[in-house]
Amino acid sequence: MPVPCGTGCGKNAALKRPKTGDALCKECFFWAFETEIHFTITKGELFKRGDSVAVAASGGKDSTVLAHTLKTLNERYDYGLNLMLLSIDEGITGYRDDSLETVKQNRDDYEMPLKILSYKDLYGWTMDEIVAQIGRKNNCTFCGVFRRQALDRGAALLGVKCIATGHNADDIAETVLMNVLRGDIARLKRCTAITTGSEGTIPRVKPLKYTYEKEIVMYAHYKKLVYFSTECVFAPNAYRGHARALLKDLEKIRPTCIMDIIYSGETMSIKEEVTLPSQRICTRCKFVSSQEVCKACVLLEGLNKGLPKLGIGKSSKAKKMLEEYNARQNTLEQVIDDLNDTNIKKKSGKKRNGLTDKCNSKTCCSGNCNSTQNNMEDNSKINSLLDEYSLKETDKPVQQLNDVSDDEEGCSSSCGRLGGLGVGF
Amino acid sequence: MICKKCGALGTITLRKKDIYCDVCFSINIVHKFRGCIGKNKILSKDENVLICLSGGKGSTVLLDLIHNGIVLDNHKKLRIRPLFLHISNGDVDRINNIIKQCKLYSFDVYIANIADYFEPNLKILNTNSLPIVNAEHNEKINNMFKDIPLSVYNDMMLKIKRSLFIKYAKLLDCELIFTAETTTSLAINLLSNISIGRGSQIENDIGFMDNRNEKIKIIRPMKDISQEELDNYMRIKQLTCINFDHHQENSIQSVISNFVGDLQENFPATVSTVCKTADKIGLHNDNKIKKDMKCIICESNLNRKNLKLSALEATEFSRLVSLLKPQPTPINSNDGLHTEDWAVVNSMHKSMFPFIHKTLCFSCSRNYAQMSQSQLTQTIQELILT
């Protein structure tokens, strides 16, 4: 027997809302769905009138629905926003290449400008190449860390006030559970915030924070939106999968639990005596980091040195790995040293290309990108240091390493090492 | 197989890698138990402590540890006056077994019934005998639990028992209560708490001490002992438990319990990681609070963080828009609706969260909304009014 729509509009209901248990027809659902997102945007004070906003677009259901709804609401309620799409090409064959076609379709459908940045241009590596190095495990660490920074770079290029991401209620609940399971108290604290970003960085907002994944799928389906629905080919092995499986099981029993978990995360307080890592700026690339050197730099360094596991797991392991590596390099260098002094300079220059390349490449900024300039500055600084110290006083930088390696993470020690041995970026 | 402590032949492997002999292992368990009480400096000399027994593994080991502590005749003697309480759901076999179990140690045990929750004037019971159950209260409690979702049942049961522990502690002149949760069960409780919206209550529900009642504190002295250790201790001491504490199947709690068990197999650090996380989660402290408002069911503080927007408002708003027909909305309205619409929903008694922040916390309000039986509503309302 058909159930009537709960608003009393006279039509038959098309779906039962998991969040409240109410049955609605298609039309009433569209209105409720959109009005809720409007409510989130206004109550959460996500945007200011006149802002330029980059919608992080993957071509998947969440970002497609986000772009569509933001466009609709921007017109309906006259937010006065200047919306654009920002995509990151990780270089995953059979996944991202296809989904980017969908994003291009969105660009045409919603008449928004689109910017695509690729890992290849930014970092010199595609995800396919990274997976060939690291294997099927832990590769999401690379992708996630690189994407975070890539979005920041893209947003800086576009000159936007904030980035809107398509994280939905399920994603956030899942993250809360995952951070509890991993004991990551710092992330647990900030993962439920609707706006994230510290001073000096471009904030990210989540307009779909209270929107269920199921309703997003229904909305996209009924509205016949074009989106790309294949799961990433590398994702199934991620640790996140455990949290996801748990959430799905819980949702089956009590659909409201997604909101309950978010509420738990929001109302939870961290004890005052717990020290949390403070966010600061990476000394190498000048992007936001919780360490002296950000994770993206450490991971990239590992890839470039042929030590892909460098940024994965415990810092003690990373230290050991670097020590072994440096011991090898040391002997090699001494031999080279004896033969030819200039060789090292050449070597570091060559390695650097991987990074400097990106600024000349077609997708990036054609030279006016702040971030990359910082990067180059940093490089030249370190290079001058190298010129000064590395050949004559090999001991001194190694001493420096000992100072920093007391720091909580291994990344800083990797930095010290680098300066010391002149292997460069 | 060498004990990593004393070098003797090892008999127990913990966490798949650490090998101990029986003796060193037992010493370690006793140490963990005593250390947990000791370092928190909570006991004063010869204090009355109410020990709550369910008959499960945890409570069986707790009973043994307490006995071992108080029979000692040296400086390590556990200086408490233990009183024992079992709250029964009417299972006579279990009651008799618990009486028998306590008799082995020459302890007396008070037996109460879950229906006492509705008794306004509790009286001191006789020890070691079946409780007299008030028929009217019994019917009330049965009605309350009839046809309610099992997740709500599990949660309410915990809250009712907690409330009874405190009432009896008052009656028996105890300011401290010991309960027997282990690391493993606390990890499960933590995840369950989060999954039902009790994130802000974690310190009291999972931490060493439940501080919500002004007079009576609930202590969890076994919080550093894991399920695996319990099993080994029981084997060495040849203890048998009376029943297995199980959550009702197909509930939030049972799903989490299975999940933690499975994950523990592949990631042995899971339980301790989860509990370490719990240790860092505290209570929201606002000094500007004039008067403490408490939830009448779980005694949690109703004061909350000042949030611009939370999942609570978002859910309430979802309910609201699900009751209204689509309408052209005023552009400058903050939430896209006419103000009178909110009033409409309130007048329809369709709020997702009845009594919230007045007499009930988020989660208890959620429970209440799911127990829609009219009789139950009445019973709880009596509670709300009293």
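Refer to the preceding data block for the structure.
Below is a short write-up of the structure. A quick note: this is a predicted structure, and the numbers were derived from the prediction, not measured.

Cut-offs and rules
Residues numbered from 1 in each chain as written. Chains lettered and ligands numbered in written order. Predicted model: local features only at pLDDT ≥ 70, side-chain atom pairs only at ≥ 80, totals over all residues. Heavy atoms only, no water. Helix = DSSP H or I, 4+ residues; strand = E, 2+ residues; numbered from the N terminus. Buried < 20%, exposed > 50% of the residue type's maximum accessible area, 1.4 Å probe, protein only. Contact = heavy atoms within 4.5 Å. Areas by Shrake-Rupley, 256 points an atom, 1.4 Å probe, with all protein chains shown as cover. Pairing = 2+ DSSP bridges. Right-handed = clockwise from strand over helix to strand, strands pointing away.

A word on the overall build of chain B. Looking only at helices and strands, chain B features 14 helices and nine strands. The burial tally for chain B puts 53% of its 386 residues in the buried class. In chain B, the proportion of contacts linking residues at least 24 apart, taken out of those at least 6 apart, comes to 67%. Accessible surface for chain B amounts to roughly 18300 Å². Of this, 51% is attributable to carbon and sulfur atoms.

Residue and element names in this part refer to chain B. Where burial is concerned, most of strand β3 (residues 47-52) is hidden: six out of the six residues are buried. Alignment of β3 against strand β4 (residues 80-88), held across six bridges, turns out to be parallel. In the sheet register, isoleucine 51 faces β4, and the bridge partner there is phenylalanine 84. In this fold, the crossover linking β3 to β4 by way of helix α2 (residues 57-71) has right-handed handedness.

Turning our attention to the pairing of strand β3 (residues 52-56) of chain A. Regular strands place side chains that alternate from one sheet face to the opposite one. Residues and elements named next belong to chain A. Of all five residues in β3, five are buried, a share of seventy percent or more. Judged by which residues are buried, β3 turns out to be covered on both faces: Ser52, Ala54 and Ala56 on one side and Val53 and Val55 on the other are all buried. When β3 meets strand β4 (residues 82-89), the two strands line up parallel, connected through five bridges. What sits directly across from valine 53, in β4, is leucine 83. Read as a crossover between parallel neighbours, the route from β3 over helix α2 (residues 61-76) to β4 is right-handed. Where β3 and strand β6 (residues 162-164) come together, three bridges link them in parallel fashion. Within β6, the position partnered with valine 53 by the bridge is cysteine 162.

Below, the discussion takes up unusual backbone geometry. Residue A:Asp78 is not a glycine yet carries a positive backbone phi of 55°. As for its placement among the helices and strands, A:Asp78 is situated in the loop between α2 and β4. The phi angle at B:Gln238 is positive, at roughly 50°, despite the residue not being glycine. Along the chain, B:Gln238 falls in the loop between α8 (227-236) and α9 (252-266). What makes B:Gln238 exposed here is its relative accessible area of 71%.

What holds strands together in a sheet is hydrogen bonding between their backbones, with the strands either parallel or antiparallel. Residue and element names in this part refer to chain B. Spatially, β5-β4-β3-β6-β8-β7 is the arrangement adopted by the six strands of the open sheet, whose pairing is mixed. Single-partner strands in this sheet number two, and they are β5 (109-113) and β7 (209-210). Relative to strand β8 (residues 217-219), β7 is paired through two bridges, and the arrangement is antiparallel. When the sheet's bridge partners are listed, methionine 209 is paired in β8 with isoleucine 219.

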